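Coordinate inspection notes
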Amino acid sequence: MSPLPKYPKPAVDKGHQGYQLSQAEKTLLSHELAPEGAANPLRDAADRRLPRIAGPCGLVMFGVTGDLSRKKLMPAIYDLANRGLLPPGFALVGFARRDWADQDFAEEVHLAVKEHARTPYREEVWRQLSEGFRFVSGEFGDKQAFMELKDTIDKLDAERGTNGNHAFYLSVPPKFFPGVVEQLHEVGLDQGPEGSWRRVIIEKPFGHDLASARELNAIVDSVFPPKSVFRIDHYLGKETVQNILALRFANEMFEPIWSRDHVDHVQITMAEDIGIGGRAGYYDGIGAARDVIQNHLLQLLALTAMEEPVSFDADAIAAEKTKVLSAIRLPDDLDTYTVRGQYASGWQGGEKVVGYLQEDGISPDSTTDTYAAVKLEVNTRRWAGVPFYLRTGKRLGRRVTEIAVVFKRSPFLPFTPTQTEELGQNALVIRVQPDEGVTVRFGSKVPGTSMEVRDVNMDFAYGEAFTESSPEAYERLILDVLLGDAPLFPRVAEVELGWEVLDPIEEYWDEHGKPEQYTSGTWGPAKADEMLAKDGRSWRRP
Amino acid sequence: MIKHLDSTTSAKIANALIDIRKEAGAATTGAVLTLVIETDERHHYYALRAAREASRAHPSRILVVIPHPEQPFSGLDAEVRVGDEMGPGEAVVMRLNGELAAHADAVVLPLLLPDTPVVTWWPAESPEDPAASALGKLAMRRITDASGTHQPIPVADRLRGYSPGDTDLAWTRCTPWRSMLAAALDQLPATVGSVKVTAEVDNASSTLLAVWLGWRLGVPVTLSTDTGPGITGVHMGTDKGEISLTRPDGMLAVLSMPEQPDRHVALKRRELADLLTEELRRLDVDETYEEVLRHVTEQDAAAIEKMQPTAPQKSTITVTAEPDKGPLGELPKESVEREQELQNLAIDEPLGQAGAKPDDKPSDKPADKAAAKPADGAP
């Protein structure tokens, strides 16, 4: 291809153009999408209307009958197609133990899409998408079924032009990983033809402690190279979580106060109002800390506390996150500064619910934690002495995830104590879900003749101010896998560091006492409140 | 809630907006931009409905300006609509009577939201130099619609009145095509030797698409006409065979590539609200659009507009008309459909005065445009 004709650019008024593409973005937009480095003349970094469409490819999904697949993954695939972001000829192969034909599978996806998709249903989109649906029936360790899968994929390459590019989504419990990965290798599905890619997507849990995580990584790594393995932490796909980095590093007004000089402490909360539902088998023995703190909450901590990455590419961000995760220090007194609990029966939001020990499939003497709170410190110059309180639990007051950065009190107040009686500490709260947005809390004069200062909230509602209705996290993550774009996926090192933080706590818990009971619908066990009270602080009611 | 204010002022309108918000219990507005719409009675309901729909993604204060210079007395009548059936956000429809019609900027300026971008949209007729017009001056982004009117400013003449920040919905309509063609070349990195674009007659989008392809690929492009709707196909001859994307029905397209099976692609013609939503997503300069206009002008523009074949040169558009496809002066189908829809709407819409003449609105005289824009000076 001869170089494109160059035309002199006019003097364009760039006054309103605040955002400049980074080199990495330019490269991505102009080159990376074209295979073999041949620049596509129709792509141009300045042409920002053209969306990123994944190249020709297919997705093979193991565990298509699961809840996650029906409620999140299939609707996300339809939404991507509806937004025109999937390549023409995209193929979706389902693999499960059902005795289904392709049409039955399509029917199942159709139901899931109708019920859960975010964007409106459009027949022509569905028609185009459903042409690429295939189903393979079989056990996860059955070589015959995998041979059939290989045939199906080869046929898709011929019929739909997927060009040998396939991603394998393991939406199955980890105990099936070895079987699936081994069989993929056995029948040669881990290697595509020259110039194509194979990727594997795995969901948490990434093990239940450091040793098992390493074992799991070893199994996957034995077949797929590290850059082909995508670990999904769906929190990282959320717009609000990505916005943490924009908020911190695109603005001048937050970063100067984002340190021990001004921050008193940080509270990271992920609360659910539901119980374990039908997940007794998965949940018992795992518990809240392993299920949530090890991955989601530590990732949120890392994004809140990390230093500025040198660029926005995957390596630079992973480097900073890894640094901050490796600087986490546990409190010496694990008895006081870690708390675990179990929900007891109660009236949650007007509905009578049973306690954890009365749930179906849970042994009455189970010591699994459904609530966990820990105090962590980050040993860096920026954060030394600033506690990070992390808590998560089921059957709490309401469903909410948020990061609250609580600032120190003003060193001097030119008011009398009565005038500022109702003034608390300033806070900046990033509401991750629901009602995504940012709240800033500060003091303001109460209207009237006397001088009285009281806390007020200033709200930034994400849904309103952002110019595109937020895509579901899974949409973004699936698209990123198909594009081979990795900044939003935690790396092996991050997973292992997470376990290094949690393992000593779990070991301590195994040897000391048992979880405290808390009434369903409240904000957790009393000991969690005592933990903060000891430091002269209290939990925010989220 | 809809509040009618007759013989009013901008300050009273601003107060009415605040009052309605307070009554609803919401003290602040979440709007991120002000969208000014300058149009006539016939088009205003349709435009407002699309703008309110786009407001779901881009919360806006919408100011609709309808000039009535033919009215004997000058004055301002307004209706303030907040939280009505049309959708979220707040809208004000203002009728500028008599002499006031020529001073729309004075009415709009006090109503702009502080410190947020302003976008002006002309859903039907638009000034020749949008940025120099009274309402265009207030905005950082100006949107016109070549398909919104019977006699749009020819694409080839657009550059003369172009300023950075201008775009046309005809260009927005190309995005799905451009995106799919780019994806096709991602898939098959071939060297393109020739391009043919087919579309219905007088389709501004097809001209822009053809010019964009010619510019980016550096090859001659043939633009031929058929009965539509809209753009019906793009054929690219490459060293590896032909890549074609055809959409005969305006809904579902077929992508054909050498040595690969044909594939269906959903490429539905989009609603006005969707187009506006895409426009409002980016408030910066669309440099690609600007460059395309430059190329339309550089090339033999007459060839496109008069639809006569010219000898192919590098990066030149050749146009071949098929004589059996009806008179060339036929209205674009889209305009006809829209006309019908407008008439239907006028029945439900008490405020619509169907049949108002298009020249009701003060047109910016070309003579006023003598002051050259920065873009004009560039080659």
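Summarised in this report is the structure supplied together with it. (Residues numbered from 1 in each chain as written. Chains lettered and ligands numbered in written order. Predicted model: local features only at pLDDT ≥ 70, side-chain atom pairs only at ≥ 80, totals over all residues. Heavy atoms only, no water.)

1. Looking at the overall build of chain B
Looking only at helices and strands, chain B features 11 helices and 15 strands. Within chain B, residue pairs in contact and separated by at least 24 positions form 72% of the contacts whose partners lie at least 6 positions apart. When the accessible surface of chain B is summed, it comes to about 14700 Å², and 53% of that surface belongs to carbon and sulfur atoms. (Helix = DSSP H or I, 4+ residues; strand = E, 2+ residues; numbered from the N terminus. Contact = heavy atoms within 4.5 Å. Areas by Shrake-Rupley, 256 points an atom, 1.4 Å probe, with all protein chains shown as cover.)

2. Let's talk about the overall build of chain A
Across its full length, chain A carries 16 helices and 18 strands. Taking the intrachain contacts of chain A between residues at least 6 apart in sequence as the baseline, contacts between residues at least 24 apart amount to 77%. As presented, chain A carries roughly 23500 Å² of accessible surface, and 51% of it is formed by carbon and sulfur atoms.

3. Concerning the packing of helix α5 (residues 175–187) of chain B against helix α6 (residues 204–217) of chain B
Residue and element names in this part refer to chain B. Put simply, α5 and α6 touch, their axes get as near as 11 Å, and they point 30 degrees apart. As summarised for this structure, α5 and α6 are arranged roughly parallel, according to the angle between their axes. Where α5 crosses over α6, the handedness of that crossing is right-handed. Only Leu209, Trp212, Leu213 and Leu217 of α6 make contact with α5, whose side of the interface consists of Trp177, Arg178, Leu181 and Leu185. Its residues placed into classes, the contact of α5 with α6 shows 7 nonpolar, no polar and 1 charged. (Axes fitted to C-alpha atoms, helices over the stretch in contact; angles between N-to-C directions. Parallel < 35°, antiparallel > 145°, perpendicular 65-115°, else oblique. Left-handed = near helix turned anticlockwise from the far one by under 90°. Nonpolar A, V, L, I, M, F, W, Y, C, P; charged D, E, K, R; others polar.)

4. Side note on the pairing of strand β7 (residues 263–271) of chain A
Residues and elements named next belong to chain A. Of all 9 residues that make up β7, 9 are buried, and the element is covered over most of its length. Taken together, the 8 bridges between β7 and strand β14 (residues 400–407) define a ladder with antiparallel strand orientation. By the bridge assignment, Ile268 is partnered in β14 with Ile403. (Buried < 20%, exposed > 50% of the residue type's maximum accessible area, 1.4 Å probe, protein only. Pairing = 2+ DSSP bridges.)

5. Examining the nonpolar core
Residue and element names in this part refer to chain A. With 104 residues, the main nonpolar core has Phe62, Leu149 and Leu390 as its most contacted residues. Counting residues per element, this core draws most heavily on helix α10 (residues 287–305), at 11 residues. Both domain 1 (41–203) and domain 2 (237–402 + 474–534) contribute no fewer than three residues apiece to this core. Aside from chain neighbours lying at most four places away, what touches Leu390 is Ile268, Ile293, Leu297, Leu298, Leu301, Ala372, Ala373, Val374, Leu376 and Trp539. (Core = buried A, V, L, I, M, F, W, Y, C linked by side-chain atoms within 4.5 Å. Domains from an automatic or database assignment.)

6. Thoughts on the environment of A:Ala288
Residues and elements named next belong to chain A. Topologically, Ala288 is positioned in helix α10. Residues Ala288 and Thr370, spaced 82 residues apart in sequence, show a C-alpha to C-alpha distance of 5.0 Å. Once residues lying within four places of it in the same chain are set aside, the contact partners of Ala288 are Tyr283, Ile293, Asp369, Thr370, Tyr371, Ala372 and Thr392.

7. A look at the pattern of salt bridges
The final tally for this structure, using the stated rule, is 46 salt bridges over all chains. A salt bridge links A:Lys375 to A:Asp535; the nearest nitrogen and oxygen atoms lie 2.9 Å apart. Here A:Lys375 is found in strand β12 (residues 371–378), whereas its partner A:Asp535 is found in the segment after α16 (526–534), with 160 residues between them in sequence. Exposure remark for A:Asp535: the relative accessible area of 21% places this residue in the partly exposed category. The partner of B:Asp166 in a salt bridge is B:Arg142, and the shortest N-O contact between them spans 2.6 Å. (Salt bridge = Lys/Arg side-chain N within 4 Å of Asp/Glu carboxyl O.)

8. Some details on the side chain of A:Gln183
Tracing the sequence through the fold places A:Gln183 in helix α6 (residues 177–186). The contacts of A:Gln183, once residues within four sequence positions are left out, are A:Phe140, A:Gly141, A:Asp142, A:Lys143 and A:Phe146.

9. Details of helix α5 (residues 143–159) of chain A
Residue and element names in this part refer to chain A. Under the 1.5 Å per step criterion, the end-to-end length of α5 is 24 Å for 17 residues, consistent within 8% with the ideal 24 Å. Listing the buried residues of α5 in full gives Ala145, Phe146, Leu149, Thr152, Ile153, Leu156 and Asp157. Projected down its long axis, α5 shows its buried positions confined to an angular sector of 140 degrees, all on one face. Residues Gln144, Lys155 and Ala158 are exposed on α5 and point more than 90 degrees away from its buried face. Contacts made by the buried residues of α5 are with β1 (58–62), β2 (91–96), β3 (133–137), β4 (166–170), α6 and β5 (198–203). For α5, the N-terminal cap is Asp142; the gap from its side-chain oxygen to the backbone nitrogen of Gln144 is 3.0 Å. Once α5 finishes, Gly161 follows within two positions and takes phi at roughly 70 degrees, a positive value. (Expected span 1.5 Å × (residues − 1). Arc of directions from axis to C-beta. Polar contact = N/O pair within 3.5 Å; in protein donor to acceptor, adjacent residues only side chain to side chain.)

10. With respect to the sheet that holds β5(A)
Residue and element names in this part refer to chain A. Spatial strand order, β3-β2-β1-β4-β5-β6: 6 strands in an open sheet with parallel pairing. The sheet is open, and its two borders are formed by β3 and β6 (229–232), each paired with just one other strand. Strand after strand, the sheet turns through a mean of 20 degrees between neighbouring axes, direction not considered. Pairing analysis gives 5 bridges linking β4 to β5, with the strands arranged parallel. Its bridge partner being in β5, Leu170 is matched across the sheet by Ile202.

11. Some thoughts on the environment of A:Leu298
All names here are of chain A. Structurally, Leu298 can be placed in helix α10. Sequence separation between Leu298 and Gly498 is 200 residues, and the spatial gap between their C-alpha atoms is 6.8 Å. Among residues more than four places away in sequence, those in contact with Leu298 are Ile293, Leu325, Ile328, Leu376, Leu390, Gly498 and Val501.

12. Focus: the sheet that holds strand β3 (residues 60–68) of chain B
All names here are of chain B. The strand order across the open sheet formed by 8 strands is β1-β4-β5-β3-β2-β6-β7-β8, and the pairing between neighbours is mixed. A single partner strand is all that each edge strand has here, and the edge strands are β1 (2–5) and β8 (166–168). This sheet shows a mean twist of 15 degrees between the axes of neighbouring strands, independent of strand direction. Note: β1 against strand β4 (residues 75–82), 4 bridges, orientation antiparallel. Residue pairing across strands places Lys3 opposite Val80, the latter belonging to β4. The strands that helix α2 (residues 41–54) touches are β2 (33–38), β3, β4, β5 (90–97) and β6 (118–121); relative to β3, the one it contacts most, it runs at about 175 degrees. The strands touched by helix α7 (residues 272–281) within the sheet are β2, β6, β7 (141–144) and β8, with β7 carrying the most contacts at an inclination of about 155 degrees.

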